[in-house]
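Structural characterization, general
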Amino acid sequence: MVPSAIVVVDGFPLTANGKLDRSALPAPEFRASVGRLPRSPQEELLCALFAEVLGVERVGIDDDFFALGGHSLLATRLISRIRSSLDVEVSIRSLFEARTVCGLVECLRDARVGRAALRAVDRPAQVPLSFAQRRLWFLERLEGGGSTYTMPLAVRLRGELDVAALEAALWDVVERHESLRTIFPERDGVPRQEILAASASRVRLLLRDLREEELAGALASATQAGFDLSREVPLRAHLFALGAREHVLLLVLHHIAGDGWSLGPLGRDLSRSYAARAAGGVADFAPLGVQYADYTLWQQAVLGDESDAESALSRELSFWRDRLAGVPEQIALPFDRPRPAISSYRGGSVELRLSASLHGGLLRLAQGQGASLFMVLQAGLAALLSRLGAGNDIAIGSPIAGRTDSALEELIGFFVNTLVLRTDTSGNPSFCDLLGRVRASNVLAYSHQELPFERLVEVLNPARSLSHHPLFQVMLVLQNNAPVQLELAGLSASIEPVSSASAKFDLSVSVGEQRNADGS
């Protein structure tokens, strides 16, 4: 037998009885073995795409995508690359089953022709909202605005800050991304996207001097201020001066204009533009191929009309109608107080840290069962909720990036979609059996991720209530986006925590992996 990975350790961990403690062993870092090399141009291209997406130097045709660190987000990115390069459609289910370049080549023989690529198009006089924006706009109107749907990003800056260069850099980023200078006026109750000229949408940097002990309250106060989406651009910027060489920059982005992924390109573009402005120049950005309005129109064209039985939208709706038939209206958990008639969104957070050995054990379990780390976490959460009295039919919401075209990877915008992942815990299954159920169910759900959650709610039309979220009330998130980085030339920058006392769901479990510099 040939080991798939070798880990050097200083010594073997032992149990109290002096035996090897396997659970305390560090998780192996799997690297591409580069066994069999590609034998055809198609295999060569797929190996290159695997390596690019996984961030490894080389991949052989028998290397397992998921053993090398792949997960559903990277799988979506790989499928987008394959579509762009080979003009074929590959489902996430096919990738989970094939797992290797060699196996995927077999799937490509029966693959459909790729869908229409996302490109800039001529726009109508009035650009509608995307499906995701429509529901957010409706909720804002229904609930009277507020900070429920805003995202703060706070960064502590140490050094000689050029405030004028920072403000000019913000203007550059707003000019580059139309989503940051879009407002949402309405006529007869129907909203539209109105993209403002860059000169009319310059975000002002709001400066304020304060003491360190005042910072947390100032950040919370600035974050909690709502937006008037009908006339206000969805980005605000605050600069808190703690001293001549220490500042905290706070960016508040409304979700209608961005998602968690968006903070990556926002930070990168702002960093690059600040460096150029501080040096007396202007950043030389490569032009963006598309903007959010182009995506909105493309989304409608790709999904088609649900009255057409052959349209993508109709097929997706058919799947989800069957998948969610009879799903419980609410999850039954042992709350310590009655549910209010109108949700206040007040909440709190509890931080837990899992050991490296437990993390390694979870990874080994996932790899051994042909599953992802997220699937292991979901199975564990579903089992816990069942044990707490939630029954055997557990619906858990989970965000999925929604950036199913490579043209969207560097764009700021609201693309994230929500999947309702339903888990059957009946029959007292073993954990491995439960994980198998989760894997099979999730792979199907990932293959039908195009249907906007907002449209699903409209079609299924569950009993509407202001007291709970529709279709699910528990959210599970595995944070696998690249860490947000803001690196301003000549300054040291570190993320500053912003306290939040709000909660959109009854329970939201957010899990992130922390790795050492060597990747362990």
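Placed above this text is the structure.
Keep in mind it's a predicted model, so treat the numbers as computed, not measured. (Residues numbered from 1 in each chain as written. Predicted model: local features only at pLDDT ≥ 70, side-chain atom pairs only at ≥ 80, totals over all residues. Heavy atoms only, no water.)

Across its full length, the protein holds 14 helices and 15 strands. The globule rule puts the C-alpha radius of gyration for 520 residues at 24 Å, and the 24 Å found for the protein is close to it. Each principal axis of the C-alpha distribution contributes one length, and for the protein these read about 65 × 60 × 60 Å. The proportion of buried residues among the 520 residues of the protein is 47%. Element-wise, carbon and sulfur atoms account for 51% of the exposed surface of the protein, whose accessible area totals about 25,700 Å². Put simply, the protein has 52 plus and 61 minus side-chain charges, and the middle of one group is 2 Å from the middle of the other. (Helix = DSSP H or I, 4+ residues; strand = E, 2+ residues; numbered from the N terminus. Rg over C-alpha atoms; globule rule 2.2 N^0.38 Å. Buried < 20%, exposed > 50% of the residue type's maximum accessible area, 1.4 Å probe, protein only. Areas by Shrake-Rupley, 256 points an atom, 1.4 Å probe, with all protein chains shown as cover. Lys, Arg positive; Asp, Glu negative; His and termini not counted. Charge placed at Lys NZ, Arg CZ, Asp CG, Glu CD.)

It is worth spelling out the packing of aromatic side chains at this point. Inspection of the entire model under this criterion finds 11 aromatic pairs. Centre to centre, the rings of Phe65 and Phe66 are 5.1 Å apart; their planes meet at 90 degrees, and the pair counts as edge-to-face. Look at Phe65 and you get buried, because its relative accessible area is 0%. The structure contains a cluster of three or more aromatic residues connected by ring pairs, namely Phe50, Phe65, Phe66, Phe96 and Tyr446. Positioned over the ring face of Phe227 is Arg236, at 3.9 Å from the centre of the ring. (Phe/Tyr/Trp six-rings, centres within 6.5 Å; stacked < 30°, edge-to-face > 60°. Lys NZ or Arg CZ within 6 Å of the ring centre and 35° of its normal.)

Let's shift gears to the nonpolar core. Counting residues in each nonpolar core, the largest one holds 76 residues, and the members touching the most others are Phe65, Leu385 and Leu471. The dominant element in this core, judged by the number of residues it contributes, is helix H12 (residues 373-390), at 10 residues. Structurally, this core is a two-domain feature, drawing no fewer than three residues from each of domain 1 (41-109) and domain 3 (307-480 + 500-512). Setting aside residues up to four positions removed in sequence, Leu385 forms contacts with Ile331, Leu333, Ala390, Ile394, Ile396, Val474 and Leu507. Residues Leu157, Leu166, Ala169 and Phe414 belong to the second largest nonpolar core, which totals 62 residues. (Core = buried A, V, L, I, M, F, W, Y, C linked by side-chain atoms within 4.5 Å. Domains from an automatic or database assignment. Contact = heavy atoms within 4.5 Å.)

To continue, consider the packing of helix H1 (residues 41-54) against helix H4 (residues 101-108). Close contact between H1 and H4 brings their axes to 10 Å; oriented N to C, the two are set at 120 degrees. Relative to H4, H1 is oriented oblique. For the pair H1 and H4, the crossing hand works out as right-handed. For the pair formed by H1 and H4, the contact residues are Gln42, Glu43, Leu46, Cys47 and Phe50 on the first element and Val101, Leu104, Val105 and Leu108 on the second. Across the contact of H1 with H4, the residue classes tally to seven nonpolar, one polar and one charged. (Axes fitted to C-alpha atoms, helices over the stretch in contact; angles between N-to-C directions. Parallel < 35°, antiparallel > 145°, perpendicular 65-115°, else oblique. Left-handed = near helix turned anticlockwise from the far one by under 90°. Nonpolar A, V, L, I, M, F, W, Y, C, P; charged D, E, K, R; others polar.)

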